[in-house]
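Report on the structure
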Amino acid sequence: MADFGALCLFVALATSAWAALASYNGWRARLGELVLSAERAIYVTWALVFLAVLSLQYCIFTDQFDLEYVASYSNRALPGIYKFTALWGGQAGSLLFWQLILISYASLIVFTNRRRNRSLMPLVVTTLAVVSTFFLGLVCFMARPFVRLAFIPEDGNGLNPQLQNPFMAIHPPCLYLGYVGLTLPFAFAIAALVTGRLDDTWFRTTRRWTILSWFFLGTGVLLGGWWAYVELGWGGYWAWDPVENASLIPWLTCTAFLHSVMIEERKKMLRVWNLSLVIMSFLLSILGTFITRSGVISSVHSFTKSEIGPVFAAFLGLCTLVSVGLLLYRLPLLQSEHRLDSFVSRESTFLFNNLLLVGAAFAVLWGTLFPILSEAVRGVKITVGPPFFNEIMVPIAFALVTLAGICPVIAWRRASARKLMEKIQVPFWALIGGAAALLLSGVHDVYAIVSFSLATFVITTTVMEFWWGTRSRLKVTGQNAASAFLSLVDRNKRRYGGFVVHLGFILIVIGVTGSTVFKQEATASLRRGESFSVGRYRMVFEDMVSHDDANREFMGARLAVFDGARRSGTLVPGQNFYKAGQNPSTEVDIRYTLRDDLYLILTGFDPQEGRATLKAYLNPLVNWIWIGGGVLILGAWFAMLPDIRDRRRDAEAKLREVESRAA
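Residues numbered from 1 in each chain as written. Predicted model: local features only at pLDDT ≥ 70, side-chain atom pairs only at ≥ 80, totals over all residues. Heavy atoms only, no water.

To continue, consider the overall build of the chain. A count of helices and strands for the chain gives 20 helices and ten strands. The C-alpha atoms of the chain give 27 Å as radius of gyration, which agrees with the globular expectation for 663 residues (26 Å, within 12%). Each principal axis of the C-alpha atoms in the chain carries an extent, and together these give about 90 × 75 × 55 Å. Looking at the chain as a whole, 55% of its 663 residues are labelled buried. Long-range pairs, those at least 24 residues apart, make up 72% of the contacts in the chain between residues at least 6 apart in sequence. When the accessible surface of the chain is totalled, it reaches about 28700 Å², and 64% of it is carbon and sulfur. Here the chain carries 59 positive and 45 negative side-chain charges, and the mean point of each set is 11 Å from the other. (Helix = DSSP H or I, 4+ residues; strand = E, 2+ residues; numbered from the N terminus. Rg over C-alpha atoms; globule rule 2.2 N^0.38 Å. Buried < 20%, exposed > 50% of the residue type's maximum accessible area, 1.4 Å probe, protein only. Contact = heavy atoms within 4.5 Å. Areas by Shrake-Rupley, 256 points an atom, 1.4 Å probe, with all protein chains shown as cover. Lys, Arg positive; Asp, Glu negative; His and termini not counted. Charge placed at Lys NZ, Arg CZ, Asp CG, Glu CD.)

Structure follows, in structure tokens:
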């Protein structure tokens, strides 16, 4: 089966390369049959890559330890779910999985556009096939998943203990779906630049794909934070780790694009900027892959040092050269049809929003790459820690929250100061009331007061937008309130889905602020029967417990948890010891509530003295981060659904396509 998988990959490399060559030459020579052949080659490549993935999974599940990959990332006692996730647990497998997602996206694009966008599709297929060929070249020659060992070990090393977590079944696939999905708008942008067809077709066609990529990337970032919180045992969820940053950076530029593209749709402005953002997002996704897989940075998330780093860097350089060259070549065709009429307008708020998001992306990028650059130039690696990122990102986050409150109520083109003040009057007093309530309740931290007050402002603005819209529908249609509300959101899913996304973002801001500003911690070394406290909780060390199975041994400390005088539960923080790789892993235990989390870690146990050393964190409001993430995901999903306006625009686009062919 391993030989079959390897053979599939080599044939897939040939079919993918053929797709790139045939599609480009078919476009140049106007040979429809050659273009059709390229599109069929994409389907064939998908089938071959899928078979290769199945072959590797078969080898993992059947414990074929003569394969280096299986011996390195699996073992006999590994539970079935982790044998499945072992596919992306190592370098070679993760690149193969990446390729499967890429060619699946490419196949879907070819299928859904078999009768649409025919003038762009040959170059779209060419771009997708070139990227596909690059990744297939990696898994065929540099990071090969089907390499055999010279001997057959009795058992494998097992999967990294930190990856033996249910989040690993969904967090990496979400990230990959987001990263790889950014190739689709990039391919359409390149096709538009090469053909000179720079109307709105390319971004209207890829808008949902872009939202989908943004959705998966954001979900992956959020799940990564949740995984770090429950698995890494340091009481936090985000440490500005280089690999975490690598996923956040393209998400920020993609967010900027999803806002600025609305200006191009309505005002035919920012055309160069939008193309730049799409190209930038793709390049940053490749850069993120380079950072994760090249071994140039040290991170709990990164793969070991490998030889693929220079190849990735060369591919990144080539993509940058081609993209920027095409953009500069087409600059005369990309002039805006309108100019900004006033700084007091919705266009200007979108523009400020973009500048902040892109500024944030480059600040994070600079902080992430600086250690690499300092080592390359001066031979000394200088670490950039959370204080640098927090100092820059907190003011940017506050500015973005403010814009999220102002943008929905400000008019397009030019807004009068009097009208704007009328619109934000109620939210403004809600902000003042929120700040006063916080001060009266004893909160004196400036960051907390600013953050929570701005959150009140945005929530009030958003609720009022729903109310104003529903009230207008009531007057126009005479429907009851529920029907008017449903009709309102159904007619413009993107707008109201966007508002729900804003609400999710605000809940995340509330959770981050509460869990950062009001965090408490305590450490104690206890004998049985002794206790220690953090916040309102008191924990009594009762006894040590242990159990084991074929894969691991567990040893933990059982503690009774008291909230005041009332016993509210039992927590058992401990450590797992994985038998295959002889690796320990900290297992925290958490008491979850909407108000706060009690987070316990067992850092050591002295059996001679019978002392357990424990660390406790009280993380206020932290669960609102995950709730906010859920709301954000719901809003993004809703915004992706087609509405009446989308159907009308699609019909108009199809008509233009037919007229173009007839001409």
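There is more to say, and it comes next.
A separate point is the side chain of D597. Summarising the element assignment, D597 is placed in strand β9 (residues 596-606). Within the structure, the side chain of D597 is placed 2.8 Å from the side chain of Y229, a separation counted as a polar contact. A polar atom in the side chain of D597 sits 2.6 Å from the side chain of N623. D597 has contacts with Y229, I590, R591, Y592, Y617, L618, N619, V622 and N623, leaving out every residue within four places of it along the chain. (Polar contact = N/O pair within 3.5 Å; in protein donor to acceptor, adjacent residues only side chain to side chain.)

Over its 24 residues, helix α15 (residues 417-440) runs 32 Å from end to end, which matches the ideal 34 Å to within 8%, given 1.5 Å per residue. In α15, a bend of some 50° at I424 exceeds every other bend along the element, and P427, a proline, comes one to four places later. Residues L420, I424, P427, L431, G434, A435 and L438 constitute the buried set of α15. For α15, the elements touching its buried residues are α16 (446-477). Within two residues after α15, G442 carries a phi angle of roughly 100°, on the positive side. (Expected span 1.5 Å × (residues − 1). Bend = angle between axes of the 7 residues up to and from the residue.)

Proximity of charged atoms lets side chains of opposite charge pair with each other. All chains considered together, the criterion is met by 17 salt bridges. Between K615 and E521 there is a salt bridge, with the nearest N and O atoms lying 3.7 Å from each other. One end of the pair, K615, is in strand β10 (residues 611-620); the other, E521, is in strand β1 (residues 520-526), with 94 residues separating them in the sequence. In this structure, D563 engages R566 in a salt bridge whose closest nitrogen and oxygen atoms are separated by 3.9 Å. Salt bridges sharing partners connect three or more residues here, namely R536, D563, R566 and D596. (Salt bridge = Lys/Arg side-chain N within 4 Å of Asp/Glu carboxyl O.)

Moving on: the sheet that holds β10. If you walk across this open sheet you meet the four strands as β1-β10-β9-β8, and the pairing is antiparallel. Each having just a single partner strand, β1 and β8 (589-592) make up the two edges of the open sheet. The average angle at which neighbouring strand axes cross in this sheet is 15°, direction not considered. When β8 meets β9, the two strands line up antiparallel, connected through four bridges. Of the residues in β9, the one forming a bridge with Y592 is D597. (Pairing = 2+ DSSP bridges. Axes fitted to C-alpha atoms, helices over the stretch in contact; angles between N-to-C directions.)

A cluster of nonpolar residues, M1, F4, W46, F50, L51, L54 and Y58, forms a patch on the protein surface that exposes about 630 Å² of accessible area. Among the elements that make up the nonpolar patch, the one with the highest residue count is helix α2 (residues 32-61) (five residues). Relative to the elements of secondary structure, L54 occurs in helix α2. Of the residues examined, L54 reaches a relative accessible area of 43% and is grouped as partly exposed. (Patch = residues over 30% accessible without salt bridge, like charges linked within 9 Å, V, L, I, M, F, W, Y side chains within 5 Å.)

So, about the packing of aromatic side chains. The full count for this structure, using the stated rule, is 36 aromatic pairs. Each ring, one from W98 and one from F135, has its centre 5.5 Å from the other, and the planes form 20°; the classification is stacked. In this pair, W98 is assigned in helix α5 (residues 91-112) and F135 in helix α6 (residues 121-142), connecting sequence segments 37 residues apart. Exposure remark for F135: the relative accessible area of 0% places this residue in the buried category. Among the aromatic side chains, those forming a connected cluster through ring pairs are F84, W88, F97, W98, F134, F135, Y176, Y179, F312 and F315. When the ring centre of F111 is taken as reference, the NZ or CZ atom of R114 above it lies at 4.0 Å. (Phe/Tyr/Trp six-rings, centres within 6.5 Å; stacked < 30°, edge-to-face > 60°. Lys NZ or Arg CZ within 6 Å of the ring centre and 35° of its normal.)

A few words now on the packing of helix α13 (residues 346-378) against helix α14 (residues 386-406). The geometry of α13 relative to α14 is characterised by a closest axis approach of 10 Å and an angle of 165° between their N-to-C directions. The angle between α13 and α14 falls in the class roughly antiparallel. Two packed elements cross with a definite hand, and for α13 against α14 that hand is left-handed. Residues T349, F352, N353, L356, L357, A360, A363, V364, W366, G367 and T368 of α13 lie in contact with α14, whose contacting residues are F388, F389, I392, M393, I396, A399, L400, L403 and I406. Among the residues forming the contact of α13 with α14, the class breakdown is 16 nonpolar, four polar and no charged. (Parallel < 35°, antiparallel > 145°, perpendicular 65-115°, else oblique. Left-handed = near helix turned anticlockwise from the far one by under 90°. Nonpolar A, V, L, I, M, F, W, Y, C, P; charged D, E, K, R; others polar.)

It is worth spelling out the nonpolar core at this point. Counting residues in hydrophobic clusters, the biggest one holds 147 residues, and the most contacted among them are V124, F135, W202, W214 and F312. Counting residues in each nonpolar core, the second largest holds 25 residues, with A415, I424, A455 and W468 among its members. (Core = buried A, V, L, I, M, F, W, Y, C linked by side-chain atoms within 4.5 Å.)

Non-glycine residue W240 carries a positive phi angle of around 55°. For W240, the position within the fold is in the loop between α9 (201-231) and α10 (242-267). Backbone geometry places L270, a non-glycine residue, at a positive phi of 60°. The topology assignment puts L270 in the loop between α10 and α11 (271-294). On the basis of relative accessibility, which here comes to 18%, the residue L270 falls in the buried class.

This part covers the packing of α5 against helix α7 (residues 171-181). Contact pair α5 / α7: the axes reach a minimum separation of 10 Å and the direction vectors enclose 55°. Our classification of the angle between α5 and α7 gives oblique. In the crossing of α5 with α7, the sense of the turn from one axis to the other is right-handed. Contacts between α5 and α7 involve S94, F97, W98, I101, L102 and Y105 on the former and, on the latter, P173, Y176, L177, Y179, V180 and G181. Grouping the constituent residues of the contact of α5 with α7 by class yields ten nonpolar, two polar and no charged.

Below, the discussion takes up the pairing of strand β6 (residues 574-578). The alternating pattern of β6 places G574, N576 and Y578 on a buried face, while none of Q575 and F577, on the opposite face, is buried. With five bridges connecting them, β6 and strand β7 (residues 583-587) associate as antiparallel partners. Bridged to G574 within β7 is E587.

Quick look at the environment of V230 now. Summarising the element assignment, V230 is placed in helix α9. C-alpha separation for the pair V230 and F485, spaced 255 residues apart in sequence, amounts to 39 Å.

Its place among the elements puts E587 in strand β7. Contacts of E587, omitting those with residues within four sequence positions, involve E231, F554, P573, G574, Q575, N576 and Y578.

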